[in-house]
Amino acid sequence: SRPMAGIPFSIRPHIRNDGDTPRACTISLHVRAGGDDEDADEEGYRKVAEVANESLEPGRWSVHTLHHTFHAGGWQAGYVSVDDPNLSADNRRYFCFEVLDAVNVVAVNGAPSSIRRNDELFFLQTALAAGGAETNPIRVTSVRSNAFQGASLDDVRLVILANVESLPEAAVGKLERFVDRGGSLLVFLGDQAQPAFYNKFLAGSGRARGGLLPAQLVGSVAKGHPAGGDDQPSVVGIGEFAEDHPALSGFGSGETGRLGAVGFSAYWGIDPTASSRVVMEADNGDPLLCEHVYGQGRVALFASSCDRDWSNFPVRPAFLPFVYRLVGYLAQSAGGQSSASETADTEADSPGTVAGNFFRTGQTIRQAVPVGGASQRLRVVKPDRTIGVFEAVADPTLRQVAFDETDQPGVYRFDETGSDGNGRAFAVNLEAGESD
């Protein structure tokens, strides 16, 4: 997922040994440094993390996790490298992406309370406000269920439903349009949720795209007392979860916390759709967290509540990184980003678009230009600091400019007037065949 300022971000390079014998190497992460950084190398990058691989077997892949916190928003760039004296040109992979400096979230409170600690959103808002307003990029606006229909979603990236009983059908349509255009929706259930409403209006097959939710509600599971304290019984704990998921990476190794002490006294049984992915299960195999893509956005459904009524999760250390990562993951468009792996599957001489940010040497890159734009040429600062130019394509109806001077691996930056050096960029890496 796209990183947010002030929040630790994981970068996971995949390393392969194409030799005939086991190899040891050190993998390091470097990011673009400020102009006055004394630790920066000659290209302007600073090493911020490293990890050692003691023995990588021939023909095998190894995946490592490196962490870094970007303290400023805007376009950031860097590379991952291995310390191998052979084929030095192939020892780096460059990257660049836009770091979010602010994320606006609207949370719909289904069980408000005048007693703050009893409010449905108390623990969620407390976790998302950690660090203070000056450094925290997440801005949460709370509204009640009956006020959501009139709430503005301008510049909002994520809507959270917290134990909401139901919504007017017009509000459901508003949510559908919001997610379809690239927003995201996160739903926490609870004792107020009405399955008839959820299954008809949020997960009904007759709704647009087969319904917003990635699952239908099939009945609540509850025993004993609410899990408000450690002395109250739990029905289940957290079992299997997808360690490769952006919101859950690091929990398997314990780098971001442990989920083993989390217990649920109640949760909703949910029946995931064929197109959804279950990313967290209870230790009895029941799904707890599932998601799917809806139009240009994402929807995630958590089978329990976000307060202490049904779980001790909010008072466990793992809750804060879980919430941060989940919100950070959802606060970006599902359809507006193309991954490096998707780009790498295209032919080297086929055109790509700058929206993907990652390209291979020799690839032609295209950039859309505004309708009626004054210029059909865009200047680019190449890795060796020379200037390249996006030229207008032959067909003027395409309203695109193209750039084919991609022989240098590295980060290319648009030469934008008034830019502080942190403007739009894209990364070009050595064509994969050159590794052989």
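Keep in mind the model is a prediction, meaning the values are calculated, not measured. (Residues numbered from 1 in each chain as written. Predicted model: local features only at pLDDT ≥ 70, side-chain atom pairs only at ≥ 80, totals over all residues. Heavy atoms only, no water.)

Contact pair helix α2 (residues 169–180) / helix α3 (residues 195–202): the axes reach a minimum separation of 11 Å and the direction vectors enclose 50 degrees. It follows that α2 is oblique to α3 by the angle criterion. Pair α2 / α3 crosses with right-handed handedness. Between α2, through E169, V172 and E176, and α3, the contact on the second element is made entirely by F197, F201 and L202. Taken together, the residues of the contact of α2 with α3 sort by class into 4 nonpolar, no polar and 2 charged. (Axes fitted to C-alpha atoms, helices over the stretch in contact; angles between N-to-C directions. Helix = DSSP H or I, 4+ residues; strand = E, 2+ residues; numbered from the N terminus. Parallel < 35°, antiparallel > 145°, perpendicular 65-115°, else oblique. Left-handed = near helix turned anticlockwise from the far one by under 90°. Contact = heavy atoms within 4.5 Å. Nonpolar A, V, L, I, M, F, W, Y, C, P; charged D, E, K, R; others polar.)

Bringing the pairing of strand β25 (residues 400–403) into the picture now. Burial of the side chains of β25 is restricted to one face: V401 and F403 are buried, whereas none of Q400 and A402 on the reverse face is. In the sheet, strand β22 (residues 365–368) pairs with β25 via 4 bridges, with the strands oriented antiparallel. When the sheet's bridge partners are listed, A368 is paired in β25 with Q400. Pairing of strand β24 (residues 387–392) with β25, which is carried by 2 bridges, proceeds in the antiparallel orientation. In the sheet register, E391 faces β25, and the bridge partner there is A402. (Buried < 20%, exposed > 50% of the residue type's maximum accessible area, 1.4 Å probe, protein only. Pairing = 2+ DSSP bridges.)

What follows is about the sheet that holds strand β8 (residues 92–99). Taken in spatial order, the 4 strands make up an open sheet running β4-β3-β7-β8, and their pairing is antiparallel. Edge positions in the sheet fall to β4 (45–56) and β8, since each of these pairs with one other strand and no more. Pairs of neighbouring strands in the sheet enclose a mean axial angle of 20 degrees, with direction left out of account. Examined bridge by bridge, strand β3 (residues 23–32) and strand β7 (residues 74–82) share 5 bridges and lie antiparallel to one another. Residue pairing for β7: L29 is matched across the bridge by V80.

This part is about the confidence of the model for the protein chain. Across the protein chain, the average pLDDT comes to 84, with 83% of residues at or above 70. Within the protein chain, strand β12 (residues 184–188) carries the highest mean pLDDT (97), whereas helix α5 (residues 340–344) carries the lowest (31). Here residues 224–231 is modelled with pLDDT under 50, and outside its nearest four sequence neighbours on either side it reaches 18 contacts, counting other chains as well. Note on residues 335–349: pLDDT is under 50 here. Beyond four places in sequence and across chains, it has 24 contacts. (pLDDT = per-residue confidence, 0-100.)

With that settled, consider the side chain of S311. Within the secondary structure layout, S311 lies in the loop between β19 (297–302) and α4 (319–330). Residue classification places S311 among the buried residues on the basis of a relative accessible area of 0%. There is a polar contact of 2.8 Å between the side chain of S311 and the backbone nitrogen of F313. (Polar contact = N/O pair within 3.5 Å; in protein donor to acceptor, adjacent residues only side chain to side chain.)

Before going further, it helps to examine the nonpolar core. If you look at the biggest cluster of nonpolar residues, it comprises 85 residues, and the most contacted ones within it are V159, L161, Y198, M280 and F322. Excluding residues that lie within four positions of it along the chain, M280 makes contacts with I238, E240, F241, L248, L259, P287, L288, L289, F302 and F322. Within the second largest apolar cluster, 27 residues are counted, among which are A5, F9, Y79 and A425. (Core = buried A, V, L, I, M, F, W, Y, C linked by side-chain atoms within 4.5 Å.)

Let's shift gears to the pattern of salt bridges. Close approach of charged atoms allows side chains of opposite charge to pair. Enumeration over the complete set of coordinates arrives at 12 salt bridges. Measuring nitrogen to oxygen at the nearest pair gives 3.1 Å for the salt bridge that ties R93 to D90. Residue R93 is classed as partly exposed on the basis of its relative accessible area of 34%. Classification of D90 as partly exposed rests on a relative accessible area of 22%. Notably, a salt bridge pairs R116 with D119, separated by 3.9 Å at the nearest N-O pair. Residue D119 is classed as buried on the basis of its relative accessible area of 7%. Residues joined in a network through salt bridges with shared partners are E169, E176 and R207. (Salt bridge = Lys/Arg side-chain N within 4 Å of Asp/Glu carboxyl O.)

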